Amino acid sequence: MTVYFIGAGPGAPDLITVRGLRLIERCPVCLYAGSLVPEEIVHAAPEGAIVRDTAPMHLDEIIAEIVAAHGRGQDVARVHSGDPSIYGATAEQMRRLDALEIPYDVVPGVPAFAATAARLKTELTLPEIAQTVIVTRTGMKASSMPEFETLEILGKSRATLAIHLSIRNLPHIRDTLTPYYGEDCPVVIAYRATWPDELFLRTTLKDMQGAVREAKITRTALIMVGKVFGSAEFRDSDLYNSEFSHVLRNVGKKKRRSDPV
């Protein structure tokens, strides 16, 4: 048997990968994070499958379900929201499975920051505006941030920031980032991106706390900060520049049969 850690995507059921959905459709055991994975996705589990919502379960209980499935020789679809590599608490499960010599594989999914950019029709890396995206969070009730990954340090980059799990920490974010980004820096608060009740607040570092309070958002929100969400004034990239040569397009060179199309 194999345990498949599957990224279900940001919320819309049709944003799961084809590979992930096909695995859910055939695995006789489905363990899913019910608070963030839409029910439509796990409804694809085969008839008679064992389907468990792991939201109220602790790690030992989850591993016990997997061990039981291993004993029966049954594959397990372990379904997480977004992409399993980002804030999915998957590494601790894999460590347990390694110790138990239970095989597993990972199927990537669409992360929330990518889904948010898509819904906003925004590129996160604009020429000469921002060429770096930092996915991070702030230290609150969960584990503390590593010493060299604090917002004070990351903010110096002035990169596009995707800040998770921090909607109740807005004053700290505002005060920390304002010296680097400016109080008028564009901010997007993405609440449940791609879900039917999605909401996007376009605001600034200065005004975001008031906007969030007015919208009564207290959880399940991503904070996106950066100049890319503001002015559309940026130069075209060189990728499609008619005067720019690269390995697939040599300006001024006569095309040969062997040249790539």
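Quick note: structure is the one above.
Residues numbered from 1 in each chain as written. Predicted model: local features only at pLDDT ≥ 70, side-chain atom pairs only at ≥ 80, totals over all residues. Heavy atoms only, no water.

### Structural notes on the overall build of the protein
Here is step 1: Helix and strand counts for the protein stand at eight helices and ten strands.
Here is step 2: When its C-alpha atoms are laid out on the principal axes, the protein stretches across 60 × 60 × 35 Å.
Here is step 3: Residues classed as buried in the protein amount to 42% of the 261 residues present.
Here is step 4: Looking at the protein alone, contacts between residues at least 24 apart form 66% of all its contacts between residues at least 6 apart.
Here is step 5: Of the roughly 14,700 Å² that the protein leaves accessible, carbon and sulfur atoms contribute 52%.
Here is step 6: With 30 positive and 32 negative side-chain charges, the protein shows a spacing of 4 Å between the two charge centroids. (Helix = DSSP H or I, 4+ residues; strand = E, 2+ residues; numbered from the N terminus. Buried < 20%, exposed > 50% of the residue type's maximum accessible area, 1.4 Å probe, protein only. Contact = heavy atoms within 4.5 Å. Areas by Shrake-Rupley, 256 points an atom, 1.4 Å probe, with all protein chains shown as cover. Lys, Arg positive; Asp, Glu negative; His and termini not counted. Charge placed at Lys NZ, Arg CZ, Asp CG, Glu CD.)

### Describing the packing of helix α7 (residues 170–181) against helix α8 (residues 208–215)
Here is step 1: Direction vectors running N to C along α7 and α8 enclose 160°, while the axes themselves pass 9 Å from each other. Taken together, α7 and α8 sit at an angle that is classed as roughly antiparallel. The two elements α7 and α8 meet at a crossing, and its hand is right-handed. Along the contact surface, α7 presents Leu170, Pro171, Ile173 and Arg174, while α8 presents Met208, Gln209 and Val212.
Here is step 2: Here the contact of α7 with α8 is composed, by residue class, of five nonpolar, one polar and one charged. (Axes fitted to C-alpha atoms, helices over the stretch in contact; angles between N-to-C directions. Parallel < 35°, antiparallel > 145°, perpendicular 65-115°, else oblique. Left-handed = near helix turned anticlockwise from the far one by under 90°. Nonpolar A, V, L, I, M, F, W, Y, C, P; charged D, E, K, R; others polar.)

### Some words on the pattern of salt bridges
Here is step 1: In total, this model carries six salt bridges according to the counting rule given.
Here is step 2: We note a salt bridge from arginine 52 to glutamate 65, for which the minimum N-O separation is 3.4 Å. Of this pair, arginine 52 sits in strand β3 (residues 50–53) while glutamate 65 sits in helix α3 (residues 59–72), and the two are 13 residues apart along the sequence.
Here is step 3: For arginine 52, a relative accessible area of 36% gives the class partly exposed.
Here is step 4: For aspartate 60, the salt bridge is made with arginine 96, and the minimal N-O distance between the two is 2.9 Å. Linking aspartate 60 in helix α3 with arginine 96 in helix α4 (residues 91–100), this pair joins segments that are 36 residues apart in sequence. (Salt bridge = Lys/Arg side-chain N within 4 Å of Asp/Glu carboxyl O.)

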